[in-house]
Structure formats: C-alpha cells, structure tokens
Amino acid sequence: MMRSVKPSRASASTPIQAEHRAPPASPYNRSVPHVIEPASSARAKCRSCDQPIAKGELRFGERQPNAFGEGEMTLWFHLPCAAYSRPEPFLETQAAAAGEDLEPLAAAARFGIEHRRVPRLHGAERATSGRAHCRSCRELIAKGDWRLSLVFFEDYRFSPGGYVHAVCARDYFETIELFERIRHFSPALSEHDIEQIAAAMSAGRRTP
Ligand SMILES: [Zn+2]
Ligand SMILES: [Zn+2]
C-alpha cells in the first residue's frame, strides 16, 4: 500500500515507550503505556486502514482496557494511520520516540486535533449510488459525484460514518488541506482524480 509519509525503520529493536510525567488524560488508569516499536511479526492488521503491518515496520500500539475481560489490549496502527486517525494517543507517545523523525506525523496529528473533524476523514471516491445524504449539507449525494468518506472511532474500532460532498469539505472540516490524508487512505486515486477533488473542494458549495 502506498503511503505518503514513510517512516524509517527502527534502528534499535527496543520498544520506545512514552514516559508519563503527568497523569495520562485518559479516563482510565493505564498501567502499560502506548508504544511505538518495530513490528515483531506481520500478523497484525492496522485498525484504521485494515492493511497488514509489515514485519520490522514501525507501528503504533494503543493500549485500551480489554473489552473482553481483564487487563489491556493493544490496537495496532501504521504510524501515518495513527497520526491521522488517533492523533491524541499518537502525540502522547511519539515525543518519546527519540532518534526517529516523526515530526511530519506529529504535525499531522496536531492538525487533526486543531480541526476536530479531520481525523474522521478516511478517503475519497465517486458516489457509487445516489442514496447517501451529505453529513454537512444534508442533501443527497448524486451518483458519480466526488465524496469524502468518514469513520467514527468507538468501542475500539472504526465504524463507517457516512460521507460529505467534496464541495462541502470546507464547511465540514473547516479546512481543505486534506490531500495527504486522501492520498493515504485512497491510494488508488490518480493525479487526475485528485485534481478533480481539489477543484470541487476549493470551489465549495454553489449558493442557490
Ligand atoms: Zn494503516
Ligand atoms: Zn454536502
């Protein structure tokens, strides 16, 4: 899978763990901190994009209380997927990853915190039917129109959260600086597609 930001492989095999000088902001007491570490196998899939994480590739592990019993479980992510989709826990952890240049991803995570709806963005596509309503303007999205897909993170997973017209992007996200994320989550889009989406996003909604 093509990713717009390619983090370097880890130089050391020791996991990099976040140190918490202040109590974590999470509403539960976490005994094991989130982690950034090289993947020890290729078995884990990324929670955000659902693609496998290659062995040796740096991955982000978000600790959550175990939904199925005692203790904790770890949700694994590609680093860019974590920065885009889980900005708060990613930022909490990346600062401790000394020696890795994670600043571009940290900037992406901060952008997602400053624009609170941006982490919901999960790619772009042409509407495959004319049945979905735009979550911004509430009108139907015509078949074939460019739309941006949304996901919501709840109960430890991402659920499909509907769509917004590409022309409604500025109203909904309060920014149209979204191309890195769109390319990341929709790697099959051509440059021509991206140009069309860009044109729709900057044109905005026509006022009747
Ligand atoms: Zn991913
Ligand atoms: Zn709309």
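Up top you'll find the structure we're talking about.
Residues numbered from 1 in each chain as written. Chains lettered and ligands numbered in written order. Predicted model: local features only at pLDDT ≥ 70, side-chain atom pairs only at ≥ 80, totals over all residues. Heavy atoms only, no water.

> It is not clear to me how the pairing of strand 6 (residues 146-154) should be interpreted in this structure. Could you clarify?
Side chains on a regular strand alternate between the two faces of the sheet. As defined by bridge partners, strand 5 (residues 121-126) adjoins strand 6 across 4 bridges and the pair is classed as antiparallel. Along strand 6, the bridge assignment pairs A124 with L148. Strand direction decides the pairing type here: strand 6 and strand 7 (residues 157-165), joined by 7 bridges, are antiparallel. Residue pairing in the sheet places F152 in a bridge with S159 of strand 7. The antiparallel pairing of strand 6 with strand 7 creates a hairpin that spans 2 residues between the two strands, and D155 there sits at a positive phi of about 50 degrees. (Pairing = 2+ DSSP bridges. Helix = DSSP H or I, 4+ residues; strand = E, 2+ residues; numbered from the N terminus.)

> What am I meant to see in unusual backbone geometry here?
Although it is not a glycine, R138 sits at a positive phi angle of roughly 75 degrees. Tracing the backbone shows R138 in the loop between strand 5 and strand 6. The class of R138 is exposed, set by a relative accessible area of 58%. The residue E174 is not glycine, and still its phi comes out positive at about 60 degrees. As for its position among the elements, E174 is in the loop between helix 4 (169-173) and helix 5 (179-185). (Buried < 20%, exposed > 50% of the residue type's maximum accessible area, 1.4 Å probe, protein only.)

> What's the story with the coordination of the zinc ion (ligand 1) in this structure? I'm lost.
In this structure, C46 (SG), C49 (SG), H78 (ND1) and C81 (SG) serve as the protein donors to the zinc ion (ligand 1), at separations of 2.1 to 2.4 Å. Every donor counted, the 4 donor atoms about the zinc ion (ligand 1) form angles of 97 to 120 degrees at the centre, which fits tetrahedral coordination. For the zinc ion (ligand 1), the donor residues sit on a single chain with the sequence spacing C-x2-C-x28-H-x2-C. Here C46, found in the loop between strand 2 (35-38) and strand 3 (58-65), pairs with C81, found in helix 1 (residues 79-85); they are 35 residues apart in sequence, far enough to count as distant. Here C46 and C81 have matching classes, each one buried. (Donors = N, O, S within 2.8 Å, 3.2 Å for Na, K, Ca; no water. Tetrahedral: all angles 85-135°; square planar, octahedral: opposite > 155°, others 65-115°.)

> I'm lost on the environment of I194 in this one. Help?
Along the chain, I194 falls in helix 6 (residues 191-203). Separated by 11 residues in sequence, I194 and R183 place their C-alpha atoms 8.1 Å apart. For I194, the contacting residues outside a window of four places in its chain are F179, I182, R183 and L189. (Contact = heavy atoms within 4.5 Å.)

> Hey, could you run me through the pattern of salt bridges in this one?
Two side chains with opposite charge may pair up if their charged atoms get near one another. A complete count under the given rule lists 6 salt bridges for this structure. Between E62 and R86 there is a salt bridge whose closest N-O contact spans 2.7 Å. Here E62, found in strand 3, pairs with R86, found in the loop between helix 1 and helix 2 (87-94); they are 24 residues apart in sequence, far enough to count as distant. The class of R86 is buried, set by a relative accessible area of 15%. (Salt bridge = Lys/Arg side-chain N within 4 Å of Asp/Glu carboxyl O.)

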